[in-house]
Amino acid sequence: MPEADSSGEVKNFYLDIPAQTTGQFYLKGSGALDWGMQNRLSRVFRPATGHTVMLAIDHGYFQGPTTGLERVDVNILSLVPYADALMCTRGILRSTVPSSSATPVVLRASGGPSILKELSHEEIAIDIDDALRLNVCALAVQVFIGGEFETQTVHNMTRLVDLGLRYGMPVMAVTAVGKEMARDARYLRMACRICAELGAQFVKTYYVAEGFETVTASCPVPIVMAGGKKLPELDALTMAYRAMQEGAAGVDMGRNIFQSDSPTGMIQAVSKVVHEGMKPAEAYDLYRTS
Ligand code: R5P
């Protein structure tokens, strides 16, 4: 039994201060989510800015040791503290990332075909129990709208969304654009909206110079910009800046960070762009001098 409260005379119920209640949440379209899911999202998206810089290093799940990721222990671990979240596979997480890492993890949850096969033929590649065991903050699943196995990949996503809702685990849908598809705002609007309509808590998609603001505006949940193939650093920073100005909630970049001449400088520059709205030229100077 607890001891009796002996300080009854000095209780203060702040009768003149309205109670602060939960129910409001700073991320687009996320106000009706459960506490645990909001808590996980708030580890990925900085509450102070509502934005995120995710470092994507999951490429090995379909293409093996990608340039820059040959040795994650040597080349990547030192970058992880600069990221708001690390996007990786459970294999790299368990084998190479220290469990003492404070950076939240977004876990690759789909896979199957290698780069040698039809990439849209993916299946769910993890059990939700393992994601919970690994204490990750979100799951990432590829969705190939218009791809050969479109329905299968949408179903992978909806299965994960159902599991995620059961356990408070957000799902990030990654809109994969096949080689034969036009990467334009019209396509991305459709792909992102389908993912959000079917339950993804946030969506990763590519930047397009024309009409990206219509992609973010018509998607009811946060969008993070995918990095894509390596660009000159100033171009990559400009792309990130424009995406943020046009409504993205963050970026999820891989090659444009770890294939840079100065990955540490680049991730810090990207972070300034994303969280502080730093202009590309200034961020580029920061990259060069870091
Ligand atoms: C893309 O489909 C995968 O999620 C990648 O392995 C990765 O996240 C891509 O990152 P980036 O294009 O920025 O190198």
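Residues numbered from 1 in each chain as written. Predicted model: local features only at pLDDT ≥ 70, side-chain atom pairs only at ≥ 80, totals over all residues. Heavy atoms only, no water.

Would you take a moment to explain the site of the ligand for this structure?
The ligand sits among 14 residues. The nearest are His59, Gln142, Lys204, Gly254 and Arg255. The separation between an oxygen atom of the ligand and a polar main-chain atom of Gly254 is 2.8 Å. Interatomic distance of 2.8 Å between a side-chain N/O atom of Arg255 and an oxygen atom of the ligand. When the ligand sits alone it has 380 Å² of accessible area, and the protein chains cover 94% of it. In terms of residue class, the shell around the ligand is built from four nonpolar, five polar and five charged. (Near = heavy atom within 4 Å. Polar contact = N/O pair within 3.5 Å; in protein donor to acceptor, adjacent residues only side chain to side chain. Areas by Shrake-Rupley, 256 points an atom, 1.4 Å probe, with all protein chains shown as cover. Nonpolar A, V, L, I, M, F, W, Y, C, P; charged D, E, K, R; others polar.)

Could you clarify how one ought to interpret unusual backbone geometry in this entry?
Glycine aside, a negative phi is what most residues show, and trans is what most peptide bonds show. In the Ramachandran plot, Tyr14 falls in the positive-phi region, its phi being about 45° despite a non-glycine side chain. Assignment of secondary structure puts Tyr14 in the segment before α1 (35–44). Not every positive phi belongs to a glycine, and Asn135 is a case in point at roughly 60°. Mapped onto the elements of the fold, Asn135 is located in the loop between α5 (128–133) and β6 (138–143). (Helix = DSSP H or I, 4+ residues; strand = E, 2+ residues; numbered from the N terminus.)

Honestly, that's just the spatial picture; any functional story needs more than this.
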